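# Structural features, examined
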Amino acid sequence: MLFTIKLVSIFLFSTLVAVFLSVPITSVSYLYWLSSREISIGIDILFKSLSHDWLYFSPILFIVYSVGFFAAFIVSKLALSIIKIDKRIAYGLAGAASVATVLYLSVALLFETQIIAGNRYFFGWVFHIIFGFFGGYIFASLLKKI
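The rules we used
- Residues numbered from 1 in each chain as written.
- Predicted model: local features only at pLDDT ≥ 70, side-chain atom pairs only at ≥ 80, totals over all residues.
- Heavy atoms only, no water.
- Patch = residues over 30% accessible without salt bridge, like charges linked within 9 Å, V, L, I, M, F, W, Y side chains within 5 Å.
- Areas by Shrake-Rupley, 256 points an atom, 1.4 Å probe, with all protein chains shown as cover.
- Salt bridge = Lys/Arg side-chain N within 4 Å of Asp/Glu carboxyl O.
- Lys, Arg positive; Asp, Glu negative; His and termini not counted.
- Charge placed at Lys NZ, Arg CZ, Asp CG, Glu CD.
- Helix = DSSP H or I, 4+ residues; strand = E, 2+ residues; numbered from the N terminus.
- Buried < 20%, exposed > 50% of the residue type's maximum accessible area, 1.4 Å probe, protein only.
- pLDDT = per-residue confidence, 0-100.
- Core = buried A, V, L, I, M, F, W, Y, C linked by side-chain atoms within 4.5 Å.
- Contact = heavy atoms within 4.5 Å.
- Expected span 1.5 Å × (residues − 1).

### Focus: a positive patch on the surface
Side chains of Lys77, Lys84, Lys87 and Lys144 sit close together on the surface and give a patch of like positive charge. Mapping Lys84 onto the fold places it in the loop between α3 (58-80) and α4 (87-108). With relative accessibility at 71%, the residue Lys84 sits in the exposed group.

Here you go:
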């Protein structure tokens, strides 16, 4: 029972870290677009945008990432019984792959509509995937401690 609680806590924490890191990508994407239209962006607007996105976009992204991480981490657990690789790398790659899949499906299933603004630019897409890797890496690192 205690192991299950710790496992769920680690899962939720690693997902939360990935989401916390990923949300500013969308904020920066919007602010970059606004500045390209010669609209001045002050530091106050940056902080308001970030806090707004963390408050309202994070819960949705958390649910989406959780579903992806859950499936990816189960597959990783099964793959680790066959392939001998560092668990942190395996779960990190699983986290990155799940985020890449989520980003792809969010466009493919919604008639080619980019609902995650950070995914509109190549670097945004790359950073989402990198932060997915961090989420998986953190999951495996904390998993070793229980």
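### A short note on the confidence of the model for the protein chain
Low pLDDT means the predicted atomic positions in that stretch should not be read closely. Per-chain confidence: the protein chain averages 90 in pLDDT, with 98% of residues scoring 70 or above. Of all helices and strands in the protein chain, the one with the weakest mean pLDDT is helix α2 (residues 43-56) (89), whereas α3 scores best (95).

### Examining the nonpolar core
Counting residues in hydrophobic clusters, the biggest one holds 22 residues, and the most contacted among them are Leu61, Tyr65, Phe69, Phe73, Tyr91, Val99 and Phe139. The set of elements that each furnish at least two residues to this core consists of α1 (2-36), α3, α4 and α5 (122-143). Not counting the four nearest positions on each side in its chain, Val99 is found in contact with Tyr65, Phe69, His128, Ile129 and Gly132.

### Concerning α3
Taking 1.5 Å per residue, 23 residues should reach 33 Å; α3 reaches 30 Å between its end C-alpha atoms and fits that length. For α3, the complete set of buried residues consists of Ser58, Leu61, Tyr65, Ser66, Gly68, Phe69, Ala72, Phe73, Ser76 and Leu80. Those residues of α3 that are buried are in contact with α1, α2, α4 and α5.

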